[in-house]
Amino acid sequence: MNTLLAVIIGALTVYLAYTLYARRIDRNVIQSDPKRATPATLYMDGVDFMPTNRNILFGYHFKSIAAAGPIVGAIVAASLWGWLPAIIWLVLGVSFIGWASDYSAIVISVRNEGNSLSAIAHKLVSSRTRTVLLLFIFFYLLLVTGAFVMIMAQVMDSQPRTHLGIIMLVVMGLLLGQMLYRWKTGLVGATVFTVGVTLLAILSGPWSEPAFQGLNAWLNGLTGGAPVVTYFDPMLAGFKGAEAKIMPSLLFWAVAIAVFCYAGSVLPIWRMAQPVVYVGFWITALSMVLGLGGAAVASFVKPEVAQFQIPAFKGFNPQLGPAGIMPLWPMLFVTIACGAISGWHALFGAVGTARQIENEADMLPVGGGSMFTEFLLGLLALLAVSVGAKGAPVGTFASGLGGFISVWGVPLQYAVSLAFAAFIVIVLVVTQLIFRVMRITLTEWLGDVIPPCRNQHVSSIVCVLLALLLVVTGTWVYLWQLFGGANQLMAALALLLVTVWLASVGKNWLYAGLPMIFMYITTMASLLVTAYNIYFNVYQPNREAGRMLPMVGSGLMVLVALLLVVAAVFIGIDGWRAFMKYLRRPTPTPKTAPARG
Amino acid sequence: MATRPFTHRLSAGWEAVKQFMYGMTGHEFARHALEMRHELEAVFMVVTLGDLIGVPILPPVYSLRLLPYVVPEIAKWKRHMAKRREFWEKEEYDMHGV
């Protein structure tokens, strides 16, 4: 197998699924009508509801859903099961489930006055669904922040060459916010300056490496080389499990990332979160475009970086830890999330994008088109990890992506630096935003019952401390899979809402209902498997060794997994009742669409 | 059926690429700038015409002198304020690419 063949498979998947399946559903089931008024045109307020050109909205929606998900998922799945199951799930997932979820979330919001999924759930299913959804979303965000902070801290601790670039990214992000909103500098000039300086800093990474190595050594010397926390990590010793140590330098970087995320959460969004994301976007986009192009032409230009290095298939149930089970079903389907299907896309599409849809004919190109593009991003990540040298998963990904970038004449050392930085940048910028959404969700959920939660500093600190507690368990793969389970379950719940809505308006619900049943059962099973793994692989060994902190962290993870299952059961029961109610009802006569003014 | 010349299709394609790039880059800043302006205008409206939503602040004579300038915004402003739990409350719900 080589990368050219994989890119051709990817392009064919997009073409066939879009033209033969997605368009048919849009035409025959949803019956999108360009003459029907959308919420953006009906309730235009110049801010939230704003008719926007389809190409602009495509770019906006794609950028909003494309994050670290497709990259991390592909890295983990390829290292556990091999590249073949991963590519099959990516292709089938996006073709039959992923686009349907993203597109339908936009459709259901557009046809329901631009309401969010929780508001539609309140209307169509039951009043308690909104509260359960908020609880669900909070814990789902907690899991992803825990996983991301851990991944970033580990990479930053082990790769001092990335530090200068990351520090400069934050400084340039702050400067960009000041330039755009206070000094009124033009976007193009400000972009060239801030992105250029950040890129220079990233490429200078190897030169600054000794200085940061010295910093790490000094930090570790503070405790005389003794670890701050010791825990049992089932990922080590060839997945047999061994003792792992959190050294002061790793804790320092985890806390530094937490402080950065806290600032991103409480400062005005224009001051830090938005411009840092923008600068980071250019770094990542540059790496991904060079990487995808490089993967396509590498077979002709530099064949040695185009051949797959990892096994196609490693087995149905790879050993992970002394008592762990990792069956391909259901675990693969939650490990690879965003490139195949993601609940986050549905959440965002229903609120952020649906209110800007100018014309119903734009719903498929924007919602479905963005998901298919995201699939290509997931495929690129899978290719990068499949051709990379052996080693830690993130390092494998960076060396693979660096190889693709080097096809364009960039020296390999600098290309790998850029790939490492692109990975950390995308994870870092996403994490600060997740903390922001998480503290808002906490305020929405508990603000009325516990008034201090309405204070942004209190809610942000609670979120940061909870995430750090998860970090000290050290088992980021489980955190990632718990997040994947919650994320995919969120997608299943979005599809459940779509199914109920389709039944309520007398349309054929099968295109959403069948994927919903598959994802619902799969993700519930995966959450239970992960809870089992964490209990026997992490909680038990740490309890036997009398390690309090890792025990509390892993215990919390088990609780969160079970809580998510219970919440999903409640939503499922309510959804089933609502579905049956609408199904037994006589088919309603469709209302006449208001004419466009 | 008449087909468009190749150059037209090429320029339409280039235009679409430019719009896509703008969507990925500048659109969010433009939206946020609009939102900030909207917020400032909402504060101005509360100060001048707060009595329309039950917050009498300025003596009516000043409100009347300012009224012609703010008439086009009143309907949108009232709808916007009605969405809030408290009129001074503004939260960032935009998820910005997570």
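Everything numeric in this text was worked out from a predicted model, so none of it was measured.

Chemist: For this particular structure, what's the right way to read the overall build of chain A?
Modeler: Helices and strands together make up the secondary structure of chain A, namely 22 helices and two strands. Taken over the C-alpha trace, chain A has a radius of gyration of 23 Å; the compact-globule value for 597 residues is 25 Å, and the two agree within 12%. Counting only C-alpha atoms, chain A reaches 75 × 55 × 50 Å along its principal axes. Looking at chain A residue by residue over its 597 residues, the buried ones come to 60%. At a minimum sequence separation of 6, the contacts of chain A that also span at least 24 residues come to 83%.

Chemist: Looking at this model, I keep getting lost on the interface of chain B and chain A. Mind explaining?
Modeler: How large an interface is tends to be reported as the accessible area lost when its parts come together. With 26 residues of chain B at the interface, the matching set in chain A holds 30 residues. Breaking the side of chain B that touches chain A down by element, the ones donating at least two residues are α1 (6–24), α2 (26–49) and α4 (74–82) of chain B. Sort the elements by how many residues they give to the side of chain B that touches chain A and α2(B) lands first, with eight residues. Counted by class, the side of chain B that touches chain A contains ten nonpolar, nine polar and seven charged residues.

Chemist: What's the story with the environment of Gly189(A) in this structure? I'm lost.
Modeler: With respect to the element layout, Gly189(A) can be found in helix α9 (residues 187–203). Each C-alpha atom of the pair Gly189(A) and Leu528(A) lies 51 Å from the other, and the pair is 339 residues apart in sequence.

Chemist: Looking at this structure, I do not really get the confidence of the model for chain B. What am I missing?
Modeler: Residue and element names in this part refer to chain B. When pLDDT is averaged along chain B, the result is 77, and 81% of the positions lie at 70 or above. The lowest-confidence element of chain B is α4, averaging 76 in pLDDT; the highest-confidence one is α1, averaging 90. Below a pLDDT of 50 lies the segment residues 92–98, which in the model reaches 25 contacts outside its immediate sequence neighbourhood of four places, other chains included. Of the two predicted TM-score estimates for the complex, the pTM is 0.85 and the ipTM is 0.80.

Chemist: Help me understand the packing of helix α4 (residues 69–81) of chain A against helix α14 (residues 328–335) of chain A, please; the structure alone is not making it clear to me.
Modeler: Packed helix pairs are specified by the crossing angle of their axes together with the interaxial distance, meaning the distance between the axes. Residues and elements named next belong to chain A. α14 packs onto α4 with a crossing angle of 155° between their chain directions and a minimal axis gap of 9 Å. Compared by their axis directions, α4 and α14 come out roughly antiparallel. Packed against α4, whose contacting residues are Gly-73, Val-76, Ala-77, Leu-80 and Trp-81, the element α14 presents Leu-328, Leu-332 and Thr-335 at the interface.

The rules behind these values
Residues numbered from 1 in each chain as written. Chains lettered and ligands numbered in written order. Predicted model: local features only at pLDDT ≥ 70, side-chain atom pairs only at ≥ 80, totals over all residues. Helix = DSSP H or I, 4+ residues; strand = E, 2+ residues; numbered from the N terminus. Rg over C-alpha atoms; globule rule 2.2 N^0.38 Å. Buried ≥ 20, exposed ≤ 12 C-beta atoms within 10 Å, placed from the backbone. Contact = placed C-beta atoms within 7 Å. Nonpolar A, V, L, I, M, F, W, Y, C, P; charged D, E, K, R; others polar. pLDDT = per-residue confidence, 0-100. Axes fitted to C-alpha atoms, helices over the stretch in contact; angles between N-to-C directions. Parallel < 35°, antiparallel > 145°, perpendicular 65-115°, else oblique.

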